[in-house]
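One-letter residues, chain by chain:
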Amino acid sequence: MLAVSSLFHISMPTEIELRSLAAAHLGAALAIEAQTSPHPWTRGDFEGSLLAGHWAQGLWRGSELLGYCLAMPAADEAHLLNIAVAPPHQRHGLAQRLMRALLDWARAHEAREVWLEVRAGNARAQRLYLRLGFAPAGRRPGYYPCPDGSREDALLMRLALAPHHNAQGAAA
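Overview of the structure. Just so we're clear, the structure is a prediction, and the values are computed from it rather than from any experiment.

**Points about helix α5 (residues 123–131)**
No. 1: Looking only at α5, the buried set comprises A125, Q126, L128 and Y129. For α5, the angular spread of the buried residues around the axis is 160°, confining them to a single face.
No. 2: Summarising the contacts, the buried residues of α5 are in contact with β4 (77–85), α4 (94–108), β5 (113–119) and β7 (151–160).

See the structure below:
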């Protein structure tokens, strides 16, 4: 006879992996977006980013999307377009993990700096960006739409990246 506890043991994947975000994942991304943004991206916004070949990565536990990050390369810089972590998985370092992956990608593509906009009222995100080395670089008045029809300012933030070095240690 089996013990009751062994009947209910279900093996759940615990490892969180960084993997590409594709069109097939947009339903999960849109669900997170709806829970985390006062003015969520549309399916068309995500599809346009994917079609343009922007960097689009998700953090996954098995088949569950926990969060995502999209960024656009531009000349010798990168621009964060969107980042979100599902509410049940917030405050566990996942946004920082996504941002570090973005910075690694930007360095690998020889970006000299990374830019982002963040809602002026989003102190939690601002603290994360400051911890990662971003510095305020300006303000965009009325940048973000709000559900009530008003507009919220964006803080423009910038991170200068150290020059990429080749195998001999010389700047590329």
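**Concerning the packing of aromatic side chains**
No. 1: Across all of its chains, the model carries five aromatic pairs by this definition.
No. 2: Aromatic side chains W55 and W105 sit 5.6 Å apart centroid to centroid with 25° between the ring planes, which places their arrangement in the stacked category. One end of the pair, W55, is in strand β2 (residues 55–61); the other, W105, is in helix α4, and 50 residues separate them in sequence.
No. 3: Look at W105 and you get buried, because its relative accessible area is 15%.
No. 4: Taken together, a centroid distance of 5.9 Å and an interplanar angle of 65° make the contact between Y129 and F134 edge-to-face.
No. 5: F134 sits in the buried class, given a relative accessible area of 3%.
No. 6: In textbook terms, an aromatic cluster arises when at least three aromatic residues are bridged by ring pairs, as seen for W41, F46 and Y68.

**Examining a positive patch on the surface**
No. 1: Residues R91, R124, R127 and R131 make up a contiguous surface patch of positive charge.
No. 2: Looking at the secondary structure, you find R127 in helix α5.
No. 3: For R127, a relative accessible area of 45% corresponds to the partly exposed category.

**Section: the nonpolar core**
No. 1: Of all hydrophobic cores here, the largest spans 30 residues; its most connected members are M99, L102, V114, L116, Y129 and F134.
No. 2: For this core, the secondary structure elements donating two or more residues are β2, β3 (64–74), β4, α4, β5, α5 and β7.
No. 3: Counting twelve residues, the second-largest nonpolar core is a separate cluster that includes A56, W60, L70 and A84.

**So, the packing of α4 against α5**
No. 1: In contact at an axis separation of 11 Å, α4 and α5 are set at 45° when each is read in the N-to-C sense. In terms of their interaxial angle, α4 and α5 are classed as oblique. Relative to α5, α4 is oriented so that their crossing is right-handed. Here α4 contributes A95, Q96 and M99 to the contact with α5, which in turn contributes L128, Y129 and R131.
No. 2: Of the residues in the contact of α4 with α5, the class split is four nonpolar, one polar and one charged.

**Digging into the pattern of salt bridges**
Any two side chains of opposite charge can pair, given that their charged atoms come close.
No. 1: Considering all chains together, one arrives at seven salt bridges under this definition.
No. 2: The salt bridge partner of E117 is R140, with a shortest N-O separation of 3.0 Å. Of this pair, E117 sits in strand β5 while R140 sits in strand β6 (residues 135–145), placing them 23 residues apart in sequence.
No. 3: The class for E117 is buried, based on a relative accessible area of 11%.

**Quick word on helix α2 (residues 26–36)**
No. 1: Within α2, the full set of buried residues consists of L26, A29, I32 and E33. For α2, the angular spread of buried residues about the axis comes to 120°, placing them on one side.
No. 2: Turning to α2, the residues buried within the fold contact α3 (43–51), β3 and β4.

**A closer look at the packing of α2 against α3**
No. 1: Remark: α2 packs on α3, axes separated minimally by 10 Å, with the N-to-C direction vectors making an angle of 125°. The orientation of α2 relative to α3 falls into the category oblique. Judged by the twist between their axes, the crossing of α2 over α3 is right-handed. On the side of α2, the interface is formed by L26, G27, A29, L30 and E33, while α3 contributes R43, F46, E47 and L50.
No. 2: A per-class count over the contact of α2 with α3 returns five nonpolar, one polar and three charged.

Calculation criteria
- Residues numbered from 1 in each chain as written.
- Predicted model: local features only at pLDDT ≥ 70, side-chain atom pairs only at ≥ 80, totals over all residues.
- Heavy atoms only, no water.
- Buried < 20%, exposed > 50% of the residue type's maximum accessible area, 1.4 Å probe, protein only.
- Helix = DSSP H or I, 4+ residues; strand = E, 2+ residues; numbered from the N terminus.
- Arc of directions from axis to C-beta.
- Contact = heavy atoms within 4.5 Å.
- Phe/Tyr/Trp six-rings, centres within 6.5 Å; stacked < 30°, edge-to-face > 60°.
- Patch = residues over 30% accessible without salt bridge, like charges linked within 9 Å, V, L, I, M, F, W, Y side chains within 5 Å.
- Areas by Shrake-Rupley, 256 points an atom, 1.4 Å probe, with all protein chains shown as cover.
- Salt bridge = Lys/Arg side-chain N within 4 Å of Asp/Glu carboxyl O.
- Lys, Arg positive; Asp, Glu negative; His and termini not counted.
- Charge placed at Lys NZ, Arg CZ, Asp CG, Glu CD.
- Core = buried A, V, L, I, M, F, W, Y, C linked by side-chain atoms within 4.5 Å.
- Axes fitted to C-alpha atoms, helices over the stretch in contact; angles between N-to-C directions.
- Parallel < 35°, antiparallel > 145°, perpendicular 65-115°, else oblique.
- Left-handed = near helix turned anticlockwise from the far one by under 90°.
- Nonpolar A, V, L, I, M, F, W, Y, C, P; charged D, E, K, R; others polar.

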